[in-house]
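The lines below spell out each chain.
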Amino acid sequence: MQPTPLQRALAAIVGWGVALLLFFPIAWMVLTSFKSEPQAITPGLMFSPTLDSYREVFARADYLTFAINSVVISVGGTVLALLFAIPAAYAMAFHPTERTRGTLLWMLSTKMLPPVGVLVPIYLLFRSAGLLDSRSGLIAIYALMNLPIVVWMLFTFYKEVPNEILEAGRMDGARTASEVWYLLLPLTLPGVASTGLLSLILCWNEAFWSLNLTSAGAAPLTAFIASFSSPEGLFFAKLSAASTMAVAPILVFGWFSQRQLVQGLTFGAVK
Amino acid sequence: MNGGRNCDRAGALTTPRDTDSVCKNSLQQSGTILARGRCVIAHRIRGVLKATVSVAVLLLTGAVVARADSTITIATVNNGDMVVMQHLSSEFEKLHPDIHLRWVVLEENVLRQRVTTDIATKAGQFDVVTVGNYEVPIWAKQGWLEAMNNLPASYGVDDILKPVRQGLTYDGKLYGLPFYGESAMTYYRTDLFDKAGLKMPDAPTYEQIRGLADKITDKTHEIYGMCLRGKPGWGENMAYVTSLVNAEGGQWFDEKWKPTIDTPPWHKAIGFYDDILKADGPPGATSNGFNENLALFASGHCGMWIDATVAGGLLYDKKQSTVADKIGFAPMPTGSFKGAPTWLWSWNLAIPTTSKQKDAARTFVTWATSKEYIELVAKQNGWVSVPPGTRQSTYDNPEYQKAAPFASFVHKAIEVANPDGQTAQPRPYTGAQFVAIPEFQGIGTQVGQTIAGTLTGQSSVDQALRAAQSATERVMRQSGYPRE
């Protein structure tokens, strides 16, 4: 059935409306970052733009150190999560047992616990292992944190792959590793890529663990943002400038990879 | 099904080239497929092991390097005076080339949570922490902070303002050194007062303030006679409310730790607060904390504002304030009970007992809170920017008095803040605009939300105070009070 022009226009309006609504906070943040401090606290679109906040943010903190930490930790956490999740999801999708479903649900249930509930035990473990304020510690935490989501996503993608293809591979003598590497991964690449991208974005935006487990050495951009809030003194413009700088890399990255992301996320949606 | 069994047929398809070439030899030598399969597996395992070991070594060296660092880590908040300290720390590093500083700047509540976790688990991530005078005695009692004994005579402990010093003393010992201190005072707009033909009394009472606020309010021009904190939180609206309640002869607990919120002094105080903010306050007062009111006053929307003395310096800053040359100062208004505890807050530097570099930390803390540091700030940024509220010598300095016309008000306000003094009825706790018990953060914030509800019209003052009373009673019972 062809949509009528009216339906098409309506869909466009609704689509744009939702998009603008979602983008509004980010746009407002960018706008605020160009205001002066007193202007920033009062809503208004008329102001003379200034770069003062950016200048001050750069003078106050070493943006690059934080940014590099963010990149290393996010990429590291994602790679580590994928390394564990790909075999796990493979096993669950192609060699299910009667406990697979329960295991999957149990993995997901760990996401339902508020992180602060395990803060002290994790902190003690990190202390004993000497992992406090280290990138490797955060990489491990991020990988663990995203593992349930990554396994679930990969599992649904793998479910789409007909078992016959893998069987054919086995007939040709492929072993498990080869099966995964030469057959499964190429077939589900968009899915794996979008899972990786999502995990990367989740790692980038994670604030609770990064604030609590780092101090000066391994602090990523979330800590950089947090350092610009002040109980006594105006800070919205500087905070907005810092936030803009913190989200800029992932925003650009997301822009370039959105085709992959959308493709992957809708991969298994229509059956 | 085991794919490995068919290694020979799958060889071309499945094995990477290097394994292939190495293991081809084994096939040629022994001639069996099984041997080749073994070889492939062994080679793979070796590869994986090698990678794991090298990653582990990398991680370990990273950890070792971090630990061998001879630097001290300072946790602080992002207030103007701390920003200056961070900026001037290069001078400290010049004086002490063997001590390097690392800064962790966090939001106030995050800092509290972060530092508490770290000290409670004895992890020792921080060597210097920025804490309020609310925490110092509580943490000292827990054994979390190093006592600041044996300070050199040149440091001049006696030069520290007495009320501030007392707030940091537990069991006769100092547990933190004040970086800056504040009380509260009344700010008003001299131009608006002149226009209306009004005069601010030298020692205003709350009744007088109410009359003045009504006359100045001009809502059509967005001028609000009175700005006050309305944002819920133990350190936001409840700081002001506690001080107001004290002034009207109320208090949080009686001598047996029974909450006394649903009592006439509270009704009078909250009634006043509710009335004046509804009649003369800015719209949406419940979202206004210190910063929001600062912005409102600085942009010319408030006729009066009662808040922390630290705002004086900020309002005088022409870069931030459009009313820099039109500000008048008065003490905090008084209510029916004279001499009540008013307001005293200090941001202090303390050393956690878990610090591994206590000597270096002590060197830094004594430097950052010294007379020399204050002079350094004066030299670099001018006298108006020096951290206020800590030392008698600052207030005795004629240059400071000249540069900061509000100095004498601040000094006086701190001197009469009386945080350890008595309320109308005897009380079992200390603190001026807070109650110095660990439970107060939770209680204060909860009651703060209830009181904010009266401003939004969710509940009446009577309802709010009744609810606050029973909620506080419950928390206190659960926390095991009365203890004595």
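These numbers were taken from a predicted model, which means no experiment stands behind them. (Residues numbered from 1 in each chain as written. Chains lettered and ligands numbered in written order. Predicted model: local features only at pLDDT ≥ 70, side-chain atom pairs only at ≥ 80, totals over all residues.)

## Notes on the overall build of chain A
Across its full length, chain A holds 14 helices and 0 strands. N-terminal to C-terminal, the α/β element order of chain A is α-α-α-α-α-α-α-α-α-α-α-α-α-α. With the C-alpha coordinates of chain A rotated into their principal frame, the extents come out at 70 × 65 × 30 Å. In chain A, buried positions account for 40% of the 271 residues. In chain A, 79% of the contacts between residues at least 6 apart in sequence involve partners at least 24 apart. (Helix = DSSP H or I, 4+ residues; strand = E, 2+ residues; numbered from the N terminus. Buried ≥ 20, exposed ≤ 12 C-beta atoms within 10 Å, placed from the backbone. Contact = placed C-beta atoms within 7 Å.)

## With respect to the sheet that holds strand β8 (residues 224–227) of chain B
Residue and element names in this part refer to chain B. Reading across the sheet, the 4 strands line up as β8-β9-β7-β10 and stay open at both edges, with mixed pairing between neighbours. A single partner strand is all that each edge strand has here, and the edge strands are β8 and β10 (327–330). When the angles between neighbouring strand axes are averaged without regard to direction, this sheet yields 20°. Here β8 runs beside strand β9 (residues 302–308); their pairing, made up of 3 bridges, is parallel. Residue pairing across strands places tyrosine 224 opposite cysteine 302, the latter belonging to β9. In the packing of helix α12 (residues 290–298) onto the sheet, the strands contacted are β7 (184–189), β8 and β9, and the crossing angle to β9 comes to about 145°. (Pairing = 2+ DSSP bridges. Axes fitted to C-alpha atoms, helices over the stretch in contact; angles between N-to-C directions.)

## Here's the deal with the interface of chain B and chain A
Taken residue by residue, the interface counts 45 residues in chain B and 39 residues in chain A. Taken together, the elements giving at least two residues each to the side of chain B that touches chain A come down to α1 (7–14), α3 (33–68), α4 (80–95), β2 (100–105), α5 (108–120) and α12 of chain B. Per-element accounting of the side of chain B that touches chain A gives the leading share, 6 residues, to α12(B). Of the residues contributing to the side of chain B that touches chain A, the split by class is 23 nonpolar, 15 polar and 7 charged. (Nonpolar A, V, L, I, M, F, W, Y, C, P; charged D, E, K, R; others polar.)

## Here's the deal with the domain arrangement of chain B
Residue and element names in this part refer to chain B. Under the domain assignment, chain B is made up of domain 1 (20–59), domain 2 (69–175 + 346–401) and domain 3 (184–344 + 417–478). For domain 2 versus domain 3, the separation of C-alpha centres amounts to 29 Å. With 3 residues, helix α7 (residues 162–167) is the single largest residue contributor to the side of domain 2 that touches domain 3. A per-class count over the side of domain 2 that touches domain 3 returns 6 nonpolar, 4 polar and no charged. (Domains from an automatic or database assignment.)

## Some remarks on the confidence of the model for chain B
All names here are of chain B. Per-residue confidence for chain B gives a mean pLDDT of 87; residues scoring 70 or more make up 86%. Within the model, the stretch residues 1–23 combines pLDDT values under 50 with 42 contacts to residues more than four positions away or in other chains. Confidence drops under a pLDDT of 50 for residues 60–68, and excluding neighbours within four residues, the segment shows 8 contacts in the predicted structure. Model confidence for the complex is summarised by a pTM of 0.82, with the ipTM given as 0.83. (pLDDT = per-residue confidence, 0-100.)

## Observations regarding the confidence of the model for chain A
Looking at chain A as a whole, the pLDDT averages 90, with 97% of positions reaching at least 70. When the elements of chain A are averaged for pLDDT, helix α14 (residues 258–265) of chain A gives the smallest value, 75, and helix α4 (residues 63–94) of chain A the largest, 95.

## What about the nonpolar core?
Within soluble globular proteins, side chains that are nonpolar generally end up buried alongside one another. Counting 184 residues, the largest nonpolar core has A:Ala89, A:Leu154, B:Val128, B:Tyr187 and B:Phe297 as its most contacted members. Of all the elements, helix α7 (residues 135–159) of chain A adds the most residues to this core, at 14 residues. Domain assignment of the residues forming this core places at least three in each of domain 2 (69–175 + 346–401) and domain 3 (184–344 + 417–478) of chain B. In this structure, B:Phe297 is in contact with B:Tyr187, B:Cys227, B:Cys302, B:Trp305, B:Leu315 and B:Val323, ignoring residues within four places of it in sequence. (Core = buried A, V, L, I, M, F, W, Y, C linked by C-beta atoms within 7 Å.)

## Some words on the packing of helix α10 (residues 237–247) of chain B against helix α11 (residues 264–280) of chain B
Residues and elements named next belong to chain B. Their axes nearest at 9 Å, the elements α10 and α11 cross at an angle of 125°. Compared by their axis directions, α10 and α11 come out oblique. Considering only the axes of α10 and α11, their crossing is right-handed. Residues Val241, Leu244 and Val245 of α10 touch α11, and the partners they reach there are Pro265, Trp266, Ala269 and Tyr273. Residue composition of the contact of α10 with α11, by class: 7 nonpolar, no polar and no charged. (Parallel < 35°, antiparallel > 145°, perpendicular 65-115°, else oblique. Left-handed = near helix turned anticlockwise from the far one by under 90°.)

## So, helix α1 (residues 5–33) of chain A
Helix length check: α1(A), at 29 residues, gives a terminal C-alpha distance of 40 Å against a target of 42 Å (1.5 Å per residue), a fit within 8%. The element α1(A) is barely covered by neighbouring structure, given that only 2 of its 29 residues are classed as buried. (Expected span 1.5 Å × (residues − 1).)

## What to know about unusual backbone geometry
For the bond running from B:Tyr481 to B:Pro482, omega is 0°, close enough to zero to count as cis. For B:Pro482, the position within the fold is in the segment after α20 (461–478). In this structure, A:Asp133 is a non-glycine residue whose phi angle is positive, near 55°. Along the chain, the position of A:Asp133 falls in the loop between α6 (119–129) and α7. What makes A:Asp133 buried here is the crowd of 22 C-beta atoms within 10 Å. Not every positive phi belongs to a glycine, and B:Glu222 is a case in point at roughly 55°.

## Observations concerning α4(A)
Over its 32 residues, α4(A) extends 45 Å from the first C-alpha to the last, a length consistent with the 46 Å expected when each residue adds 1.5 Å. Along α4(A), the helix axis deviates most sharply at A:Ala85, where the bend reaches about 30°; the proline A:Pro87 sits within four residues downstream. (Bend = angle between axes of the 7 residues up to and from the residue.)

## Remarks on the packing of α11(B) against helix α19 (residues 440–455) of chain B
Residue and element names in this part refer to chain B. Interhelical geometry of α11 versus α19 gives an angle of 45° and a closest axis separation of 9 Å. Considering their axes alone, α11 and α19 lie oblique with respect to each other. Regarding α11 and α19, the two cross each other, and that crossing is right-handed. Each of Ile270, Asp274 and Leu277 in α11 lies in contact with α19, whose residues at this interface are Ile451, Thr454 and Leu455. Class assignment of the residues belonging to the contact of α11 with α19 gives a composition of 4 nonpolar, 1 polar and 1 charged.

## Here's the deal with the pairing of strand β11 (residues 345–350) of chain B
The side chains of a regular strand alternate between the sheet's two faces. All names here are of chain B. Burial analysis of β11 places 6 of its 6 residues in the buried class, the great majority of the element. Here β11 shows two buried faces, one formed by Trp345, Trp347 and Leu349 and the other by Ser346, Asn348 and Ala350. The pairing of strand β3 (residues 128–132) with β11 spans 4 bridges and is classified as antiparallel. Note on β11: the bridge partner recorded for valine 129 is alanine 350. Looking at chain direction, strand β6 (residues 177–182) and β11 are connected through 5 bridges and run antiparallel. Bridging across to β11, tyrosine 180 finds its partner in tryptophan 347.

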